[in-house]
Amino acid sequence: MAQARKGRLNYRCPSCFMRDIDMDMFYDESKKEFYCLRCNYVGTEEDVIAKNEMAKFRYRNLLKRITFGDDDGH
Amino acid sequence: MKDKLILNLVHRPEMVPEYAEKIMGHGEKENLEKEPLLKESLDIFKLQQQIAHEHGLKTTIQMTYASLFNEEAVALAKAHHAEYGDEIALTLLGLPSTAFRNKYKTKDFCIWMFSYEDKKRIVDDVFSLFFEKFGFYPQSTGSYYMDADLINYIKEKYPSVICAIATCWEEGPKAYHATNNSWYTFMDGGPWNPWIPSKINTHVPAENESEDSGIVAIPHLSRDLNACFDGNGSNFGTHPQNVLRGMAYKDGQYPYLFNLIDQYRHLGKFNDGYAYNMMFVGPGWMNKMGRWEQPYTLLEQSYKDGIAYYGKLKKEGKLIDLTMSEFAHYYRANKTYKTPEVALWQDILYGSEKQYFWYLDPYLRTCVDLNQGGALIDLRPYVAKLYLPVGIGTPRIVNASYPFLIQANYRAGYFTHYAGEGTLKSTKVSYEGEEIDLALCLTKATFSKKGDERYLHLDPIEVVFKRLTITIATTITFKEATGEIRYARRIIKSSDPHAKVTFNDYMTGAFGTTEYPEEMYHIRLRVNDAEKSQEIKYHYANRELTIHNGISEVIIPDIETRITMKSVGEYETYVREGYAFSPMYTLGVMKDLKQGEEIETWLKLEKAA
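Residues numbered from 1 in each chain as written. Chains lettered and ligands numbered in written order. Predicted model: local features only at pLDDT ≥ 70, side-chain atom pairs only at ≥ 80, totals over all residues.

**Thoughts on the overall build of chain B**
As a reminder of what qualifies: Secondary structure elements follow DSSP: runs of H or I of four or more residues count as helices, runs of E of two or more count as strands, with numbering from the N terminus. Atoms counted for the radius of gyration: C-alpha only. Globule rule: 2.2 Å times the number of residues to the power 0.38. Note that contacts rest on C-beta atoms placed from the backbone: two residues are in contact if these are within 7 Å.
Each helix and strand in chain B was counted, giving 12 helices and 28 strands. Relative to the 2.2 N^0.38 estimate, which gives 25 Å for 609 residues, the radius of gyration of chain B is 25 Å and therefore close to what a compact globule would have. Taken over the C-alpha atoms alone, chain B extends approximately 80 × 50 × 50 Å along its principal axes. Put simply, 67% of the contacts in chain B that link residues at least 6 apart link residues at least 24 apart.

**Topic: the sheet that holds strand 6 (residues 216-219) of chain B**
Residues and elements named next belong to chain B. Let me state the cut-off plainly: Here, strands pair whenever DSSP counts at least two bridges between them. Fitted lines through C-alpha atoms serve as axes, helices being fitted only where they are in contact, and the angles separating the N-to-C directions of these axes extend from 0 to 180 degrees.
Reading across from one edge, 4-5-6 is the order of the 3 strands in this open sheet, with parallel pairing throughout. The open sheet has two free edges, formed respectively by strand 4 (140-142) and strand 6, since each of these has just one partner strand. Neighbour-to-neighbour, the strand axes of this sheet turn through a mean angle of 30 degrees, independent of strand direction. Helix 12 (residues 324-334) rests against strand 4, strand 5 (163-167) and strand 6 of the sheet, and its axis sits at about 115 degrees to strand 6.

**Topic: the interface of chain B and chain A**
We apply this condition: Under this grouping Gly is polar, as are all residues other than the nonpolar Ala, Val, Leu, Ile, Met, Phe, Trp, Tyr, Cys and Pro and the charged Asp, Glu, Lys and Arg.
Taken residue by residue, the interface counts 35 residues in chain B and 27 residues in chain A. At the level of elements, helix 7 (173-178), helix 10 (255-266) and strand 16 (445-450) of chain B are the ones that each hand at least two residues to the side of chain B that touches chain A. Broken down by element, the residue count for the side of chain B that touches chain A peaks at 7 residues, all from helix 10 of chain B. Here the side of chain B that touches chain A is composed, by residue class, of 15 nonpolar, 15 polar and 5 charged.

**Considerations on helix 5 (residues 116-134) of chain B**
Each α-helix turn comprises 3.6 residues. Residues three or four places apart therefore point the same way. All names here are of chain B. What counts is decided by this rule: By this rule the span expected of a helix is its residue count minus one, scaled by 1.5 Å. Any residue with 12 or fewer other C-beta atoms within 10 Å of its own C-beta is exposed, any with 20 or more is buried, and the rest are partly exposed; the C-beta atoms used are placed from the backbone. Comment: arc refers to directions from the helix axis out to C-beta atoms.
The end-to-end C-alpha separation of helix 5 is 27 Å, in line with the 27 Å expected for 19 residues at 1.5 Å each. Listed in full, the buried residues belonging to helix 5 are Lys-119, Ile-122, Val-123, Val-126, Phe-127, Phe-130 and Lys-133. In an axial view of helix 5, the angular spread of the buried residues amounts to 120 degrees, which keeps them on one side of the axis. Residues of helix 5 that are exposed and angled more than 90 degrees away from the buried face: Glu-117, Ser-128 and Glu-132.

**A few points about the domain arrangement of chain B**
Residue and element names in this part refer to chain B. Spelled out, the test is: These domain boundaries are the output of an automatic or database domain assignment.
Here chain B is partitioned into domain 1 (5-346) and domain 2 (355-607). Once you take the C-alpha centre of each, domain 1 and domain 2 turn out to be 35 Å apart. With 41 residues of domain 1 at the interface, the matching set in domain 2 holds 39 residues. Those elements that place two or more of their residues in the side of domain 1 that touches domain 2 are helix 5, helix 8 (227-230) and strand 9 (341-346). For the side of domain 1 that touches domain 2, the class distribution of residues is 24 nonpolar, 9 polar and 8 charged.

**Looking at helix 11 (residues 296-315) of chain B**
Between its terminal C-alpha atoms helix 11 of chain B stretches 28 Å, which fits the 28 Å expected from 20 residues at 1.5 Å a residue. Along helix 11 of chain B, the positions that sit buried rather than exposed are Leu299(B), Ser302(B), Tyr303(B), Gly306(B), Ile307(B), Tyr310(B), Gly311(B) and Leu313(B).

**Let's talk about unusual backbone geometry**
For residues besides glycine, phi is generally negative; the peptide bonds are generally trans as well. The phi angle at Lys32(A) is positive, at roughly 55 degrees, despite the residue not being glycine. Within the secondary structure, Lys32(A) sits in the loop between strand 1 (25-28) and strand 2 (33-36). A positive phi angle, near 55 degrees, is found at Asp272(B), a position not held by glycine.

**What about the nonpolar core?**
Residue and element names in this part refer to chain B. Formally: Core membership is restricted to buried Ala, Val, Leu, Ile, Met, Phe, Trp, Tyr and Cys residues, and these are joined into a nonpolar core through C-beta atoms within 7 Å.
Among the nonpolar cores identified, the biggest contains 179 residues, and Cys-163, Ala-164, Val-216, Ala-343, Phe-357, Trp-358 and Val-554 are the most heavily contacted of them. When residues of this core are sorted by domain, at least three fall in each of domain 1 (5-346) and domain 2 (355-607). Setting aside residues up to four positions removed in sequence, Trp-358 forms contacts with Trp-192, Leu-225, Val-342, Ala-343, Trp-345 and Cys-367.

**A look at the environment of Thr167(B)**
The topology assignment puts Thr167(B) in strand 5. With 24 residues separating them in the primary sequence, Thr167(B) and Ser143(B) have C-alpha atoms 7.4 Å apart.

**Considerations on the sheet that holds strand 1 of chain A**
All names here are of chain A. Sheet architecture is open: 3 strands sit in the order 1-2-3, paired in antiparallel fashion. Lying at the two open borders of the sheet, with one neighbouring strand each, are strand 1 and strand 3 (42-43). Taken together, the 4 bridges between strand 1 and strand 2 define a ladder with antiparallel strand orientation. Paired with Phe-26 across the bridge in strand 2 is Tyr-35.

**Some words on the pairing of strand 15 (residues 434-437) of chain B**
Residues and elements named next belong to chain B. The sheet contact formed by strand 14 (residues 424-431) and strand 15 spans 4 bridges and is antiparallel. When the sheet's bridge partners are listed, Val-429 is paired in strand 15 with Ile-436. Hairpin connection from strand 14 to strand 15: 2 residues lie between these consecutive antiparallel strands, with Glu-432 at a positive phi of about 50 degrees.

Shown next as structure tokens:
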């Protein structure tokens, strides 16, 4: 089996991202999926994209534009 | 300029951008002179400059060593200085190049990590080359970090330098972990906004003229003072592609970036109208191959959108763009050495409503967590003015962080695990065998200022015991350049006005710069009054000393710091040694209060003799 290469985009491992680690993934051509060198995550590009969206669960204000008033703190 | 956001917009023509060689050259041997790499690098710089100028913003062009060998880059800088008023400056980032490696025989590239002799050689080399190309020495320079010895050398040899990018805020173990333990920028503990660094330690603001290093320092990016305390600093700053790195966007929208800029504008409310932003995107973040999962189109668009927002603010009269040297003049004209920097900061991304209050002056830096009843979750003893040389040949080759006494995330904080304690300054209240730590009380605060004191007024906290309910008002006072923090907690309401509740205002501390404990054998714990002094030599034996009235004291020779706590009236004060599984120390003040009564405590940091 030939060596792995980067995919179309340089995807990070979504599982590692969720624990604040930026870990590049490599592409397994034979299985058509990405894999992480560090943890045990494997997934297709579609799965990676879906998991990246899932990683945003903690950003409840992701699309909220906030106005800061003239107050002194509140 | 009062009530306007001051912007430093910085670009660098980095002929071998960080990341780009690794991305463009995957599967090939390293080659810093690949034609596509050099061309793309310069194209990105040109694009960044074009976007800024289209929006009416001037920039500071920080020439890199490699770019000084490129005639086109030099000519562009001269042309943009003439046409747009951009400042031509010199960065100590961007050293990697064939010329540099051939000369210095190393792949090191972080200026603060070189030996002191090499730092001087490199600085002389780079500054001479700059002079050769431009006919003058720069007024501004910078790197991710610049240690005090480096700044002192530059200022002495090249006195024209008045401004420098000198640290990345809270880029320490968190950045290291985020990069699979490969990014050696250990520089926690510094100011988040511009300051005048002392000659002895870059992170510590100068207290007076004799300590003044002669430059105004600015941080590398303006970072989220909430998200970066726990998360990766490189995800949450005034750097559009950092926001993408943190995945704080959806469908090409990233309101978080604009919320972040606006919150920095809002900080003017707490700092006499002064508000500041710094944006500095290295070219590697806008390379055509994309950056991680973000395609080039999004990288480019996010930069355009970020700059467009600054441009809009300028058109509306809400922003002033200054070059770095212009800013240095402004800063010196408007700040005193001892003027504190404060930030009542709210979470703008997670939806938690959490507030932090950050305070710094030449004596200390600290963070109050209003989600933890006003507990201190970070405390740095600037007053110790620690000389901590960094780089090859020193004991701290890569570690430029300024030590903490409290760092609630590195050393546990409010304790929720099996056994032990965590670093925190908080208050426990107890009644009939029940004990509640106010760190479990969610609150918010307002800010006020009078003279040389800054006040944080907490919304009242309610504590419910089985047979008693009390309401506590809290004011935290910071008196500038004293190293003192005063907590005043008063029972303003009680279900039984005669019931006595025991207040234990305590600080559990450690020291260090990382998550891992240091040896604590040198620490001395004392209680003192006018007549006697008792002492524990730290040996992990969990011993305790108590005294009526008096002062509790902890001496940490390793970081030349003395911590004391005291109160007024009748009270008990104590010190407690930790143990091997809980390598901490605690000092505190205890007092019984009923409705209408108050406990005042003073926590003071000093340089240990």
